Amino acid sequence: MTDDDGAAVIDKDGMDALVAVLAARGRTVIGPTVRDGAIVLAEISGGAELPYGWGVELEAGTYRLAAREDGAAFAHSAGPQSWKTFLHPPRAREWSADRTADGGLVTTPDATPPPSYAFLGVRPCDLRAIAVQDRVLTGGRHADRGYRGRRAGAFLVAVECTEPGATCFCVSMGTGPAVGPGYDLALTEVLDADGHRFLVRAGSEEGEAVLAELPSRAADTATRTAARDRVAAAADRMGRSMPPVDLQGLMRETLNAERWDDVTARCLTCGNCTMVCPTCFCTTAEDITDLTGDHAERWRRWESCFDRDFTHLPGGPVRDSPRSRYRQWATHKLGTWYDQFGSSGCVGCGRCIVWCPVGIDITEEAHALNRERASGAGEGAG
Ligand code: SF4
Ligand code: SF4
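Chains are numbered independently. Their residues run from 1 in the order of the written sequence. Written order decides the labels, with chains lettered from A and ligands numbered from 1. Restriction of local features to residues with pLDDT of at least 70 applies here, the model being predicted, together with a cutoff of 80 or more for giving and counting side-chain atom pairs; totals for whole chains, interfaces and linings are based on all residues.

1. Some remarks on the site of ligand 1
Inference 1: The criterion for a residue being near a molecule or strand is simple: its C-beta atom, placed using the backbone, must lie within 6 Å of it. Ligand 1 sits among Cys-267, Leu-268, Thr-269, Cys-270, Gly-271, Asn-272, Cys-273, Phe-306, Cys-356, Pro-357, Val-358 and Ile-360.
Inference 2: Residue composition of the shell around ligand 1, grouped by class: nine nonpolar, three polar and no charged. Here the term charged refers only to Asp, Glu, Lys and Arg, the term nonpolar to Ala, Val, Leu, Ile, Met, Phe, Trp, Tyr, Cys and Pro, and the term polar to all other amino acids, Gly among them.

Written out as structure tokens, the structure is:
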């Protein structure tokens, strides 16, 4: 049952029903679940597999599960994976080639049908990240057929953030903690004296149809108010923030800053930040052959701009130094992404801070660049 604005309330058993309804519609349901000491995104077959009673403690270079007494399912922030793991997988075969009996060659494009996913628990920052990747991978001259197929079949269940991590900064990127457009269903988890429940809103026709199949009741005022207050409180508890300046301009005007030397003295150029980032999309092609040489395959796999060979041209790499590679990554995320794609390339999820082995923090670097610019140092093109 829904209210005039389409909002409804479901209980924990409604969450079980949601997984069942999505599976019955032929979708592979991917959601957060506890595995190997982390909250990971994996296929789930029931609501009980959600991480009820688990939260996380985050800091730069640190991630730890933490038990919660309240039994919340979504009181955790971004984990080591993002939804790009499924929409834009780390490895995908593009084609294979086989030698024929007469010595010719037959090339076969990969025709694996795209899976039909339902993503349960998409954070507002990650919903924006999907929109950012949509722009990159489904638009323009370089649209990715595989991504487009996986994305077209995906049903998105967003969950508003009520428990930000210490490394989150979605407020200063304008991407959360309230959910933006693009979802099929949006949930807000509420736990109080009236019980454990979820405010649900539909954002698409299919979302409405799914909601109609769930055991639900019309949204009451107390649940609506509690949901709104919890999201507002999350905004007030945001762990980090970017400097409140035009970040595109800041990147443009600090290309020669000394801070780039400082950060690259710490950066290992391991590329972890690009692997965990929900918007990074770069790939490379990898060709493999069997021992006979009669069968070959081309695979596409994630690539990182921190890799020295990423910009290899005849004569060597264009970005030869760690300084130039870190600066490229940060200035692309926060600056030149606007020129290419009309938005920031950073959604403030904080993953790159958590999963950097030396704890490099993109917000701290931006603040340092801003201070250096204010002091008059480091200006000009680099
Ligand atoms: S910033 Fe951190 S995660 Fe990124 S390449 Fe450098 S050391 Fe690795
Ligand atoms: S740059 Fe860092 S904080 Fe920004 S979207 Fe990527 S991983 Fe998240």
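What follows continues from the structure just given.
2. Some thoughts on the packing of helix α9 (residues 259-266) against helix α11 (residues 322-341)
Inference 1: Between N-to-C directions, angles cover 0 to 180 degrees, with each direction set by a line fitted to C-alpha atoms, over the stretch in contact for helices. Note on conventions: DSSP H or I runs of at least 4 residues are helices, E runs of at least 2 residues are strands, and numbering of each starts at the N terminus. Packing of α9 against α11 leaves a shortest axis separation of 9 Å and a crossing angle of 105°. As summarised for this structure, α9 and α11 are arranged roughly perpendicular, according to the angle between their axes. Residues Trp-260, Asp-261, Val-263 and Thr-264 of α9 pack against Pro-322, Arg-323, Tyr-326 and Arg-327 of α11.
Inference 2: Of the residues that constitute the contact of α9 with α11, the class distribution is four nonpolar, one polar and three charged. Every angle not falling under 35 degrees, over 145, or within 65 to 115 is termed oblique; those three ranges are roughly parallel, roughly antiparallel and roughly perpendicular. In this description, any two residues whose backbone-derived C-beta atoms lie within 7 Å of each other are considered to be in contact.

3. What to know about the environment of Arg-323
Inference 1: On the secondary structure map, Arg-323 appears in helix α11.
Inference 2: Sequence-wise, Arg-323 and Leu-156 are 167 residues apart; in three dimensions their C-alpha atoms are separated by 38 Å.
Inference 3: Ignoring anything within four residues of it in the chain, the contact list for Arg-323 reads Trp-260, Asp-261 and Thr-264.

4. Notes on the sheet that holds strand β1 (residues 8-11)
Inference 1: Two strands pair under a simple rule: DSSP has to find at least two bridges between them. Pairing is mixed in the open sheet, where eight strands are placed in the order β3-β2-β8-β9-β10-β11-β1-β12. Here the strands that pair on one side only, and so sit at the sheet edges, are β3 (38-43) and β12 (217-218).
Inference 2: In terms of strand pairing, β1 meets β12 through two bridges, oriented antiparallel. For Ala-8, the partnering residue across the bridge sits in β12 and is Ala-218.
Inference 3: Against the sheet, helix α1 (residues 12-24) makes contact with β1, β2 (28-35), β8 (117-122), β9 (155-159) and β11 (195-202), and its axis sits at roughly 100° relative to β1, the strand it touches most.
Inference 4: Of the strands in this sheet, β1, β9, β10 (185-192) and β11 are in contact with helix α6 (residues 205-212), which crosses β11 at around 145°.

5. Looking at the nonpolar core
Inference 1: With 95 residues, the main nonpolar core has Phe-119 and Val-200 as its most contacted residues.
Inference 2: Here this core takes seven residues from helix α3 (residues 124-138), the largest share from any one element.
Inference 3: Here this core gathers at least three residues from each of two domains, domain 1 (8-236) and domain 2 (247-374).
Inference 4: Not counting chain neighbours up to four residues away, the residues in contact with Val-200 comprise Ala-7, Ala-8, Val-9, Ile-10, Leu-185, Leu-187, Leu-211 and Ser-216. Remark: nonpolar core denotes a set of buried Ala, Val, Leu, Ile, Met, Phe, Trp, Tyr and Cys residues whose joining runs through C-beta atoms within 7 Å. Working definition of burial: number of other C-beta atoms within 10 Å of the residue's own, with buried at 20 or more, exposed at 12 or fewer, and partly exposed in between, all C-beta atoms being placed from the backbone. Note that the domain bounds reflect an automated or database-derived domain assignment.

6. What about the pairing of strand β6 (residues 91-99)?
Inference 1: As paired elements, β6 and strand β14 (residues 295-302) share seven bridges and run antiparallel to each other. Looking across to β14, one finds that Asp-98 is bridged to His-295.
Inference 2: When β6 meets strand β7 (residues 105-109), the two strands line up antiparallel, connected through five bridges. Counterpart to Ser-96 in the pairing with β7 is Thr-108.
Inference 3: Linkage of β6 to β7, two consecutive antiparallel strands, is achieved through a turn of five residues, within which Gly-103 is found at a positive phi near 85°.

7. What to know about the environment of Tyr-147
Inference 1: Summarising the element assignment, Tyr-147 is placed in helix α4 (residues 145-152).
Inference 2: On the basis of neighbour counts, which here come to 21 C-beta atoms within 10 Å, the residue Tyr-147 falls in the buried class.
Inference 3: C-alpha of Tyr-147 to C-alpha of Lys-84: the two residues are 63 residues apart in sequence and 9.4 Å apart in space.
Inference 4: Residues within four places of Tyr-147 in sequence aside, it is in contact with Leu-87, His-88, Leu-137 and Thr-138.

8. Observations regarding the domain arrangement of the protein
Inference 1: As far as domains go, the protein holds domain 1 (8-236) and domain 2 (247-374).
Inference 2: The partner domain 2 presents 32 residues to the 39 residues of domain 1 that form the contact.
Inference 3: Within the residue set of the side of domain 1 that touches domain 2, elements represented by two or more residues are β5 (62-67), β6, α3 and α5 (170-173).
Inference 4: Each residue belonging to the side of domain 1 that touches domain 2 can be placed in one class, and the counts come to 19 nonpolar, 11 polar and nine charged.

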